[in-house]
Amino acid sequence: MKILITNDDGIYSPGILALAEIAADFGDVRIVAPDVEQSSMGHAITASRPLSYKKTKIGHFEAFRVNGTPADCVSLGCFHWDKVDMVLSGINIGSNLGNSMWHSGTLAGAKQAALLGIKGIAFSTPSHQAEIEFHAIKQFASNILTILTEEKESPSLVNVNFPINPRGIVWARQSVRHYDGVVKPAEDPMGRQHYWFTVEPIEEAEEGTDRWAVNHGLVSLTPLSLDLTNNTELERMLQKHYFPSPIS
Ligand code: MN
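Let me sum up the structure you'll find in this document. (Residues numbered from 1 in each chain as written. Predicted model: local features only at pLDDT ≥ 70, side-chain atom pairs only at ≥ 80, totals over all residues. Heavy atoms only, no water.)

1. Focus on the nonpolar core
Phase 1 of the analysis: Ile 5, Ile 31, Leu 88, Ile 121, Phe 123, Val 160 and Phe 162 are the most contacted members of the largest nonpolar core, which has 34 residues in total.
Phase 2 of the analysis: It is helix α4 (residues 134–150) that provides the largest number of residues to this core, a total of 7 residues. (Core = buried A, V, L, I, M, F, W, Y, C linked by side-chain atoms within 4.5 Å. Buried < 20%, exposed > 50% of the residue type's maximum accessible area, 1.4 Å probe, protein only. Helix = DSSP H or I, 4+ residues; strand = E, 2+ residues; numbered from the N terminus.)

Now the structure itself:
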């Protein structure tokens with residue numbers, strides 16, 4: 001099995017090496033990742049300038065660094081390596097739960113795989129730890145890969161989030177409760193005004209969601225679909241509104 005590894009923290013993040021080491025038990029591994037951090041860049045692609053693809057070495061793995069986004073890396077990686085079976089993205093240092101999925105570069109790496117018809121799995125762990133203990137989550141990540149590679153009917157796009165010191169694994173849906181976009185104005189040393197932007201959840205996590213699972217010490221596995229259509233609304237609108245068809 002050919003396993004392509006990417007991330008959005010950049011190719012020199014310890015998280016990507018940890019993920020490559022876990023994946024090596026399942027097949028041939030190649031790392032293709034951004035040369036610098038691309039966190040929160042979402043599913044951006046680089047369309048206005050050329051990209052480079054430079055050989056480097058991460059641990060004992062064959063690796064290539066790209067001056068682009070996670071989605072660029074997956075596209076270039078699959079262009080250079082024929083018939084990739086699976087793309088793994090992460091392990092991101094920082095959770096990608098609930099609404100964060102909309103701007104997550106980590107998840108975008110897995111989504112780009114899904115768009116190319118390849119299985120994509122994103123892995124994230126909380127950043128608020130004194131030191132990230134990747135060995136504490138390795139066994140869980142390995143168990144998850146076993147399920148997602150060996151089960152015939154396993155989902156093709158999955159977002160995985162680890163809590164600190166996991167005590168189990170659970171399937172969970174995405175939490176879509178309200179977030180507050182927080183803009184914090186500040187001044188730089190030259191007296192110029194600048195702004196920090198972040199998001200904070202303003203509602204408790206509902207039971208059965210990814211945020212709820214991680215709050216309870218469980219690894220959350222959320223199967224995702226590429227189709228953003230709201231089918232309930234679509235059905236309602238089809239019933240309610242009639243636009244004369246231009247096709248007779
Ligand atoms: Mn990141």
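2. Overview of a nonpolar patch on the surface
Phase 1 of the analysis: Together, Val 183, Tyr 195 and Phe 197 line one region of the surface with nonpolar side chains, adding up to about 370 Å² of accessible area.
Phase 2 of the analysis: Structurally, Phe 197 is set in strand β10 (residues 193–201).
Phase 3 of the analysis: The exposure class of Phe 197 is exposed, given its relative accessible area of 61%. (Patch = residues over 30% accessible without salt bridge, like charges linked within 9 Å, V, L, I, M, F, W, Y side chains within 5 Å. Areas by Shrake-Rupley, 256 points an atom, 1.4 Å probe, with all protein chains shown as cover. Salt bridge = Lys/Arg side-chain N within 4 Å of Asp/Glu carboxyl O.)

3. Observations concerning the pattern of salt bridges
Phase 1 of the analysis: Summed over all chains, the structure comprises 6 salt bridges.
Phase 2 of the analysis: Residues Arg 30 and Glu 62 are paired through a salt bridge, measuring 3.2 Å at the closest nitrogen-oxygen approach. Of the two residues, Arg 30 is situated in strand β2 (residues 28–34) and Glu 62 in strand β4 (residues 61–66); the sequence distance between them amounts to 32 residues.
Phase 3 of the analysis: In this structure Arg 30 comes out as buried when scored by relative accessible area, which is 10%.
Phase 4 of the analysis: Overall, Glu 62 belongs to the partly exposed group, its relative accessible area being 31%.
Phase 5 of the analysis: Salt-bridge contacts for Lys 83 lead to Asp 82; the nearest nitrogen and oxygen are separated by 3.9 Å. You'll find Lys 83 and Asp 82 in the same group, each marked exposed.
Phase 6 of the analysis: Sharing partners across several salt bridges, the network here consists of Arg 30, Lys 55 and Glu 62.

4. Description of the coordination of the manganese ion
Phase 1 of the analysis: In this structure, Asp 8 (OD), Asp 9 (OD), Ser 39 (OG) and Asn 92 (OD1) serve as the protein donors to the manganese ion, at separations of 2.0 to 2.2 Å.
Phase 2 of the analysis: In primary-sequence terms, the residues that donate to the manganese ion follow D-D-x29-S-x52-N. In this pair, Asp 8 sits in the loop between β1 (2–6) and α1 (14–23) while Ser 39 sits in the loop between β2 and β3 (53–58), placing the two residues 31 residues apart along the sequence.
Phase 3 of the analysis: Owing to a relative accessible area of 2%, Asp 8 belongs among the buried residues under this scheme. (Donors = N, O, S within 2.8 Å, 3.2 Å for Na, K, Ca; no water.)

5. Here's the deal with the packing of helix α2 (residues 70–80) against helix α3 (residues 105–115)
Phase 1 of the analysis: Remark: α2 packs on α3, axes separated minimally by 8 Å, with the N-to-C direction vectors making an angle of 30 degrees. In terms of axis orientation, α2 runs roughly parallel to α3. Here the hand of the crossing between α2 and α3 comes out right-handed. Facing Pro 70, Ala 71, Val 74 and Ser 75 of α2, the residues of α3 in contact are Gly 105, Gly 109, Gln 112 and Ala 113. (Axes fitted to C-alpha atoms, helices over the stretch in contact; angles between N-to-C directions. Parallel < 35°, antiparallel > 145°, perpendicular 65-115°, else oblique. Left-handed = near helix turned anticlockwise from the far one by under 90°. Contact = heavy atoms within 4.5 Å.)

6. Overview of α3
Phase 1 of the analysis: Most of α3 sits inside the fold, with 9 of its 11 residues counted as buried.
Phase 2 of the analysis: When α3 is considered as a whole, its buried residues turn out to be Gly 105, Thr 106, Leu 107, Ala 108, Gly 109, Ala 110, Gln 112, Ala 113 and Ala 114.
Phase 3 of the analysis: Looking at the buried side of α3, the elements it contacts are β1, α2, β5 (86–93), β6 (119–125) and β7 (157–161).
Phase 4 of the analysis: Where α3 begins, the capping side chain belongs to Ser 104, and its oxygen is found 3.2 Å from the backbone nitrogen of Thr 106.
Phase 5 of the analysis: Phi for Gly 117, located one or two positions after α3, is positive at around 80 degrees. (Polar contact = N/O pair within 3.5 Å; in protein donor to acceptor, adjacent residues only side chain to side chain.)

7. Describing the sheet that holds β5
Phase 1 of the analysis: On the basis of which strands lie adjacent, the open sheet formed by 9 strands has the order β3-β4-β2-β1-β5-β6-β7-β11-β8 and mixed pairing. Where the open sheet ends on each side, the last strands, each with one partner, are β3 and β8 (168–171). Shown here is a sheet whose adjacent strand axes are inclined to one another by a mean of 25 degrees, direction ignored.
Phase 2 of the analysis: Summarising the sheet, β8 and strand β11 (residues 218–223) pair through 4 bridges and their orientation is parallel. Within β11, the residue paired with Gly 168 across the bridge is Leu 218.
Phase 3 of the analysis: Packing of α1 onto the sheet brings it into contact with β1, β2, β3, β4, β5 and β6, and relative to β5 it is tilted by some 140 degrees.
Phase 4 of the analysis: Running over the sheet, α2 touches β1, β2, β3, β4 and β5 and is turned about 155 degrees from β1. (Pairing = 2+ DSSP bridges.)

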